[in-house]
Structure formats: structure tokens, C-alpha cells
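Results of the structural survey
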Amino acid sequence: MKYLLFITSILLLTLQVSAQNLKFGPVVGGVITNQYEPEKSVLGVNLGLFLEYGKGNWALETDLVFLVAKGSPYRGSLILPIHLKYYLGDIVYVKCGPTFGLKPYDMDLQDHRRRYFVGMGCGLGCKIFKRFYVDLIYDRALTSISYKYSTIGLSLKWNLLKTN
């Protein structure tokens, strides 16, 4: 968390970006985690922060979210998606990119490699008010810890930086 705030401060001080190109704020949402063998689905909540920087129709967005989903292999995970976004106009956008995760609270794992996971996510979103956005995303795990899992999430993002 401190690392994300440090990076955000550096961006604000050194890049001399305008508020039109930078978005930052809280994220809250719900997720459904799907397990394929044995088959089951688990509901959960994600909470965190997002940061987006863009020019024209293209933007790079990252989130740092904490996932709470009892019974899910991702429960208690810190998740960091890094998505490339393309705005299809002023309201709708699509995004895709890798997702990195860490299970810092799962001390029962004997194999420490199982504490880290990588996935790939794609989604779409829209601007619903001047500074509020809604995302719908599908993420599929790619690493051996969780290759039989996927998540579908719906998130609300609030841009705290004023834009014109």
C-alpha cells in the first residue's frame, strides 16, 4: 500500500500531467470465483485503489485490491491487474492485461510458489457519472496454483481527481 502511494506521488511530481490524463481513487466491487474441479462458485468482495494514466483513446490502468471471498482459493489475496484500456468514445471502454496476485496470509502452504499467481483479464466498462466508472471483468488464472479457477467481477470506481 505504501509502495502504491509512493509511486503515485512520484507520478504527480515528475510527469507534470494534467488531471485530464490521470485518474486515481477507491475501488469497491463484488466477485464470483469459479472453481472447475470440483465445480463450485463463491461470492466475494474486493476493496482497493486504482490509478490510470492515458493519452487520447489509450490508457494504462492498475488496481491494488484486497479480495475477501470465504472458501475461494483467492481469499485474502492482494491482486494487482495491469490493464491496457481503449476508449471507444467518451463513455465506453475495453481493457485487457495480466493480473498478479499474492496470498500473504496463507501460511499453511508448504510450497511458497503457491502463494503467488498470475492470470489474464479482459473486460469492459463505462462512465456512469462525471467521476464514477463501472467495470465488468473476467480473469482466468494461468499459473499452476490455480489454473482451474476464474473470477468475474463488477466494480465501482470513483475518480477523486477533478477533470474538466
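In short, a report on the structure.

Cut-offs used in this document
Residues numbered from 1 in each chain as written. Predicted model: local features only at pLDDT ≥ 70, side-chain atom pairs only at ≥ 80, totals over all residues. Heavy atoms only, no water. Helix = DSSP H or I, 4+ residues; strand = E, 2+ residues; numbered from the N terminus. Buried < 20%, exposed > 50% of the residue type's maximum accessible area, 1.4 Å probe, protein only. Contact = heavy atoms within 4.5 Å. Pairing = 2+ DSSP bridges. Axes fitted to C-alpha atoms, helices over the stretch in contact; angles between N-to-C directions.

For the rest of this paragraph, the subject is the overall build of the protein chain. On a plain count of helices and strands, the protein chain comes out with one helix and eight strands. Secondary structure elements of the protein chain occur, N-terminal to C-terminal, as α-β-β-β-β-β-β-β-β. Considering the protein chain as a whole, with its 164 residues, one finds that 40% of them fall into the buried category. When contacts within the protein chain are restricted to residue pairs at least 6 apart in sequence, those whose partners lie at least 24 apart make up 49%.

Taken in spatial order, the eight strands of this closed barrel run β1-β2-β3-β4-β5-β6-β7-β8, and their pairing is antiparallel. Sheet twist, expressed as the mean angle between neighbouring strand axes with direction ignored, is 25 degrees. Note: strand β4 (residues 77-87) against strand β5 (residues 92-102), eight bridges, orientation antiparallel. Among the inter-strand pairings, Y86 is bridged to a residue of β5, identified as V94.

Residue placement: Y138 occurs in strand β7 (residues 132-141). With residues up to four places along the chain from it excluded, the contact list for Y138 reads Y36, M120, G121, C122, S150, T151 and I152.

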